[in-house]
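Each chain is listed here by its residues.
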Amino acid sequence: MTRQVDHEIVIIGSGFSGIGMGIALRRARRDFVILEKAQEIGGTWRDNRYPGCACDVPSHLYSFSFEPNPYWSRAYATADEIQDYLLYCVEKYQLRDRVQFDTAVQEARYDEGLGIWHLAVGSSDGTMRTITAGSVVLGVGALHDPVLPDIPGLEHFRGELMHTASWDPAATVFGKRVGVIGTGCSGVQVIPPLAEDAAHLTVFQRTPVWVLPKIDPEYPDPLVDAYEKHPALMKAHRAKIKVANELRAVAFTQQPVMLKLASRLALQHLRRAVKDPELRDKLTPEYTMGCKRITMSNTYFPALAREDVTVATDAIVEGDATGLTTADGVHHDLDVLVLATGFDVAGSYRHLNIHGAHGHDLTADWDAGIESYLGVTVPHYPNLFVLLGPNTGLGHTSVLLMIEAQVDLITQLLDERDRRGTSVVTVRPSVVPGFTAEVARRSAKTVWKAGGCNSWYLDEDGSNRVLWPATVIEYEHRVRHPEMVDYEFSGAI
Ligand code: NAP
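Residues numbered from 1 in each chain as written. Predicted model: local features only at pLDDT ≥ 70, side-chain atom pairs only at ≥ 80, totals over all residues. Heavy atoms only, no water.

S.K.: What's the story with the overall build of the protein in this structure? I'm lost.
M.R.: From N to C terminus, the protein includes 14 helices and 20 strands. What you see for the protein is a C-alpha radius of gyration of 23 Å, in line with the 23 Å of a compact globule of 493 residues. Taking the principal axes of its C-alpha atoms as reference, the protein extends roughly 70 × 50 × 45 Å. Sequence separation of 24 or more characterises 72% of the internal contacts of the protein that already satisfy a separation of 6 or more. Across the protein, the centroid of the 47 positively charged side chains sits 7 Å from that of the 62 negatively charged ones. (Helix = DSSP H or I, 4+ residues; strand = E, 2+ residues; numbered from the N terminus. Rg over C-alpha atoms; globule rule 2.2 N^0.38 Å. Contact = heavy atoms within 4.5 Å. Lys, Arg positive; Asp, Glu negative; His and termini not counted. Charge placed at Lys NZ, Arg CZ, Asp CG, Glu CD.)

S.K.: What should I look at first to understand the state of the cysteines in this one?
M.R.: Here a disulfide denotes a covalent bond joining the sulfur atom of one cysteine to the sulfur atom of another. As enumerated under the stated definition, the model contains 1 disulfide in all. Free of any disulfide, Cys 53 has its nearest cysteine sulfur in Cys 55, 8.7 Å distant. The class of Cys 53 is buried, set by a relative accessible area of 8%. (Disulfide = S-S within 2.5 Å. Buried < 20%, exposed > 50% of the residue type's maximum accessible area, 1.4 Å probe, protein only.)

S.K.: How do you make sense of the side chain of Thr 183 when you look at a structure like this?
M.R.: Structurally, the position occupied by Thr 183 is in the loop between strand 8 (177-181) and helix 4 (185-197). Thr 183 gets classed as buried once you look at its relative accessible area, which sits at 7%. Reaching out from Thr 183, the side chain makes a polar contact with the backbone oxygen of Thr 207 at a distance of 3.0 Å. Apart from the residues within four sequence positions on either side, Thr 183 is in contact with Val 188, Ile 191, Val 203, Gln 205, Thr 207, Val 209 and Tyr 300. (Polar contact = N/O pair within 3.5 Å; in protein donor to acceptor, adjacent residues only side chain to side chain.)

S.K.: Teacher, can you tell me more about the nonpolar core here?
M.R.: Most often, soluble globular proteins keep nonpolar side chains buried together rather than apart. Residues Phe 16, Ile 19, Tyr 62, Ile 191, Leu 194, Leu 201 and Tyr 487 are the most contacted members of the largest nonpolar core, which totals 114 residues. It is helix 11 (residues 399-419) that contributes the most residues to this core, 11 residues altogether. Counting contributing residues per domain, this core is built from domain 1 (7-145 + 344-492) and domain 2 (154-215 + 242-339), each supplying no fewer than three. Once residues lying within four places of it in the same chain are set aside, the contact partners of Leu 194 are Pro 51, Trp 167, Val 173, Val 178, Val 180, Leu 201 and Val 338. Counting residues in each nonpolar core, the second largest holds 27 residues, with Ile 12, Val 105, Ala 133 and Tyr 349 among its members. (Core = buried A, V, L, I, M, F, W, Y, C linked by side-chain atoms within 4.5 Å. Domains from an automatic or database assignment.)

S.K.: Before we go on, may I ask you to explain a nonpolar patch on the surface in this structure?
M.R.: A contiguous nonpolar surface patch, about 290 Å² in accessible area, is contributed by Leu 247, Val 257 and Met 258. Take Met 258: it is sitting in the loop between helix 6 (231-253) and helix 7 (259-273). (Patch = residues over 30% accessible without salt bridge, like charges linked within 9 Å, V, L, I, M, F, W, Y side chains within 5 Å. Areas by Shrake-Rupley, 256 points an atom, 1.4 Å probe, with all protein chains shown as cover. Salt bridge = Lys/Arg side-chain N within 4 Å of Asp/Glu carboxyl O.)

S.K.: It is not clear to me how the pattern of salt bridges should be interpreted in this structure. Could you clarify?
M.R.: Applying the stated criterion across every chain, the model contains 30 salt bridges. A salt bridge links Arg 30 to Asp 418; the shortest N-O distance between them is 2.8 Å. Placement of Arg 30 in the loop between helix 1 (16-27) and strand 2 (32-35) and of Asp 418 in helix 11 is noted, with a sequence separation of 388 residues between them. Looking at Arg 30, the relative accessible area reads 10%, which means it is buried. Of the charged contacts in the structure, one is a salt bridge between Arg 96 and Glu 91, with a shortest N-O distance of 2.9 Å. The class of Arg 96 is partly exposed, set by a relative accessible area of 28%. Linked by salt bridges that have partners in common, Glu 8, Arg 30, Asp 415, Arg 417 and Asp 418 make up one network.

S.K.: What should I look at first to understand the site of the ligand in this one?
M.R.: If you check the shell around the ligand, you find 22 residues, and the closest are Asp 56, Thr 183, Ser 186, Thr 207 and Lys 292. At 2.8 Å, a backbone N or O of Asp 56 approaches an oxygen atom of the ligand. One of the side-chain N or O atoms of Trp 456 is found 3.0 Å from an oxygen atom in the ligand. Protein chains shield 83% of the accessible area of the ligand, which is 910 Å² for the free molecule. Of all the elements, helix 4 adds the most residues to the shell around the ligand, at 3 residues. For the shell around the ligand, a count of residues per class yields 10 nonpolar, 8 polar and 4 charged. Two domains each provide a minimum of three residues to the shell around the ligand, namely domain 1 (7-145 + 344-492) and domain 2 (154-215 + 242-339). (Near = heavy atom within 4 Å. Nonpolar A, V, L, I, M, F, W, Y, C, P; charged D, E, K, R; others polar.)

S.K.: Hey, could you run me through the packing of aromatic side chains in this one?
M.R.: Summed over all chains, the structure comprises 19 aromatic pairs. Summarising the aromatic geometry, the rings of Trp 45 and Tyr 62 are spaced 5.7 Å apart at their centres and angled 80° between planes, so their arrangement reads as edge-to-face. Taken together, the residues Trp 45 in helix 2 (residues 44-47) and Tyr 62 in the loop between helix 2 and helix 3 (79-92) connect sequence positions 17 residues apart. Neither Trp 45 nor Tyr 62 differs from the other in exposure class; each is buried. With centroids separated by 6.0 Å and ring planes inclined at 55°, the aromatic side chains of Tyr 373 and Tyr 487 adopt a geometry described as tilted. Within this pair, whereas Tyr 373 is found in the loop between helix 10 (362-365) and strand 18 (384-386), its partner Tyr 487 is found in strand 20 (residues 487-492), the two being separated by 114 residues in sequence. The exposure classification of Tyr 373 matches that of Tyr 487, with both residues buried. Aromatic rings pair up to connect Phe 16, Trp 45, Tyr 62, Phe 64, Phe 66, Trp 72, Tyr 85 and Tyr 93 into one cluster. In this structure, Arg 27 packs its charged tip against the face of Phe 66, placed 4.6 Å from the ring centre. (Phe/Tyr/Trp six-rings, centres within 6.5 Å; stacked < 30°, edge-to-face > 60°. Lys NZ or Arg CZ within 6 Å of the ring centre and 35° of its normal.)

S.K.: Would you mind showing me how to read the sheet that holds strand 8 here?
M.R.: Adjacent strands of a sheet form backbone hydrogen bonds with each other and so pair up, either parallel or antiparallel. The 5 strands are arranged 7-16-8-9-12 in an open sheet whose pairing can be described as parallel. Single-partner strands in this sheet number two, and they are strand 7 (160-163) and strand 12 (309-312). Strand-to-strand, the axes of this sheet are offset by a mean angle of 15°, without reference to chain direction. (Pairing = 2+ DSSP bridges. Axes fitted to C-alpha atoms, helices over the stretch in contact; angles between N-to-C directions.)

What follows is the structure in structure tokens.
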């Protein structure tokens with residue numbers, strides 16, 4: 001393969017997925033390159049630099065199992081600390097020289113005659129070139145394409161406009177009138193620090209969010225020392241978190257009634273922080289907890305209860321040069337507007353313009369709903385693999401568990417392809433409808449579908465195309481023991 005192509009394998013993206021894949025390929029002594037559109041590695045943790053950005057999955061589980069980190073400073077790491085961890089992994093596993101920065105994939109086209117992929121890539125200076133590869137691994141994730149709200153007149157806003165995923169690190173809100181649209185995970189994290197610094201903060205809330213207390217202790221030095229000296233202790237801690245989180249999967253997918261207790265805790269949390277009954281009403285969700293991603297914060301409700309913070313719940317009808325007008329006719333004067341409005345999940349692969357075999361086009365194929373086999377392979381796209389693809393996102397625990405399981409599956413498929421003396425592996429088209437039907441059946445009773453909310457977990461038809469509707473342990477078992485009959489191996493080397 002290396003005789004005919006620039007690289008045996010091209011990985012697109014250098015977040016946790018791309019780095020995890022790169023480490024596995026380096027260990028397997030395969031030839032690969034990582035294409036990264038930005039100037040640094042890190043994906044989500046490089047891009048999301050808004051104040052308060054952190055991960056709501058405990059750090060000891062939000063890290064590679066093979067690279068435990070005794071030095072996490074607290075239970076839930078900040079974005080900076082996670083990015084430092086990724087940078088450390090890149091150095092330790094000598095991946096930096098495998099990354100081509102400022103290299104954005106604009107098209108990936110499978111060449112049936114040669115059995116290889118042609119990738120058209122562009123740099124920020126406008127130059128274009130082609131890279132050829134035997135296999136392609138998509139590590140771009142689903143949460144990178146910011147959604148900008150469709151508000152008439154917003155384009156006339158003359159203040160500073162920032163999405164949480166493209167934060168200007170030099171920006172300051174000190175003494176300014178700030179607005180935040182959105183109260184999802186990002187909104188809950190960014191609102192408290194903005195409330196501290198702004199002269200006045202207006203939170204534009206369309207749907208209230210469930211917020212649990214955050215038990216986020218700093219790790220004392222003796223514990224860090226103990227983890228450093230006795231890695232088995234750290235592993236036991238990680239295993240405990242993993243099992244505890246798996247119980248949430250059972251609650252989300254089979255027994256939403258289990259969420260009642262947690263809902264009570266969240267309402268108590270709200271009552272303690274917000275004394276004003278009118279504000280409390282505004283902040284009380286009507287949908288079942290877990291239908292949208294549950295958030296955790298000890299500072300969100302106190303921030304909203306401040307006298308210099310307004311929670312506006314009337315719909316935003318219009319933007320203009322100086323702010324936003326809501327349906328109650330109030331004009332909110334703003335110097336800064338922060339969009340915590342989430343990401344375009346369905347379109348997250350569109351920009352790659354992927355063309356497979358027999359005239360297949362991924363954008364067209366996924367127009368009626370994104371689907372794949374186990375989130376990793378797609379029929380008619382030979383030697384193409386997806387990390388955190390359709391229905392392998394998680395709302396209950398660490399996505400790193402899925403990434404590692406998928407990296408393992410891809411490695412097994414590549415090894416099996418080579419062992420058979422073939423050059424191409426593709427999932428059989430016949431297995432995908434069964435998998436899609438299984439996901440739909442198992443999603444039917446989940447809180448995501450039955451919980452009475454709209455979320456990015458569901459597509460326009462109300463189908464779950466994002467989340468894995470079971471435990472991670474089950475997924476790990478399935479992909480670590482793949483049925484090779486589900487795949488076609490073809491082509492001479
Ligand atoms: P999100 O969950 O999609 O939330 C977007 C928010 O913006 C919602 O409150 C939404 O209201 C609101 N919104 C969107 N368009 C609007 C409009 N036109 N007018 C008014 N409100 C509007 O996005 P996110 O908070 O960025 O989170 C996305 C995902 O990123 C999360 O689910 C999670 O997977 C990940 N994330 C993870 C962490 C972490 O700690 N691990 C932190 C941040 C993000 P509605 O609810 O009414 O739609």
